[in-house]
Amino acid sequence: MDLHEQLKDIKTQFRLAMNGAVSQSMREKGLVYKLNFGVELPRIKQIAARYEKNHELAQALWKEDIRECKILAALLQPVETFLPEIADIWVESIRNIEIAELTSMNLFCHLPYAPAKSLQWIAGEREYFQVCGFLTIARLLMQKGDMDDRAENELLDQAVTAFLSGPYHVRNAAGAAIRRFMQFSEANAFRMCRRVETMKDSALPDEQLLYELVKAEVE
């Protein structure tokens, strides 16, 4: 099949697997798409398994303003041809947390340049660049764990700042990165505890929340 036929075939499979109740539930939770078939993630992965990874197909799927197409794009995109500038373009078009989470998990964390790119993203000011950066770092910490001292310092500085002052989804993603950092070693956990020890009796609610997050992770 050529590219056009593949896209047509994929959309047909999505329509056959559509779930209106799931789609409606997502809308009620604020996950808004131009088109959402409500196909469950295991089913999308089954559809992905029928195709080989293909750069042109993945790029075409990502350009579709359809939930399932974007999820499938991340599953079918080869890392070898996914250049850093393309990664920036993809993140720039992300509009909700579901796509940020799934793309970070299925693609971004597997990129050879993911450590440097994710640190670049969290240092910016755009919401979903920061979200994808922290989510990718959290995944990298699960896979590899260790970071050099400079990267660790940058991560902790940005994560603490984001947790204390960032938008809702940025704060949650920063919190996930902090937890994964602490889980890697007792030394990391101790280091994070030292960062927040002065926040124990803070009058600022956000500092209290961060202190409680770190305390809960240690316990």
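Report follows, based on the coordinates. In this text, all values refer to a predicted model and were calculated from it rather than measured experimentally.

1. Considering the packing of aromatic side chains
- This model, assessed by the stated rule, comprises six aromatic pairs.
- With a centroid separation of 6.3 Å and an interplanar angle of 75 degrees, the aromatic rings of Trp-121 and Phe-129 are classed as edge-to-face.
- Connected via pairs of aromatic rings, a cluster forms that spans Trp-62, Phe-82, Trp-90, Phe-108, Trp-121 and Phe-129.
- Sitting above the plane of the Trp-62 ring, Lys-70 keeps its charged end 4.3 Å from the centroid.
- In this structure, Arg-126 is placed above the aromatic ring of Phe-129, and the distance from its NZ or CZ to the ring centre is 4.0 Å.

2. With respect to the packing of helix 6 (residues 84-92) against helix 8 (residues 114-122)
- At a minimum axis distance of 12 Å, the contact between helix 6 and helix 8 shows a crossing angle of 40 degrees. In terms of axis orientation, helix 6 runs oblique to helix 8. Note that helix 6 runs across helix 8; the crossing there is right-handed. Facing helix 6, whose interface residues are Pro-84, Ala-87, Asp-88 and Val-91, helix 8 presents Lys-117, Gln-120 and Trp-121.
- For the contact of helix 6 with helix 8, the residue count by class is four nonpolar, one polar and two charged.

Thresholds, definitions, all that
Residues numbered from 1 in each chain as written. Predicted model: local features only at pLDDT ≥ 70, side-chain atom pairs only at ≥ 80, totals over all residues. Heavy atoms only, no water. Phe/Tyr/Trp six-rings, centres within 6.5 Å; stacked < 30°, edge-to-face > 60°. Lys NZ or Arg CZ within 6 Å of the ring centre and 35° of its normal. Axes fitted to C-alpha atoms, helices over the stretch in contact; angles between N-to-C directions. Helix = DSSP H or I, 4+ residues; strand = E, 2+ residues; numbered from the N terminus. Parallel < 35°, antiparallel > 145°, perpendicular 65-115°, else oblique. Left-handed = near helix turned anticlockwise from the far one by under 90°. Contact = heavy atoms within 4.5 Å. Nonpolar A, V, L, I, M, F, W, Y, C, P; charged D, E, K, R; others polar.

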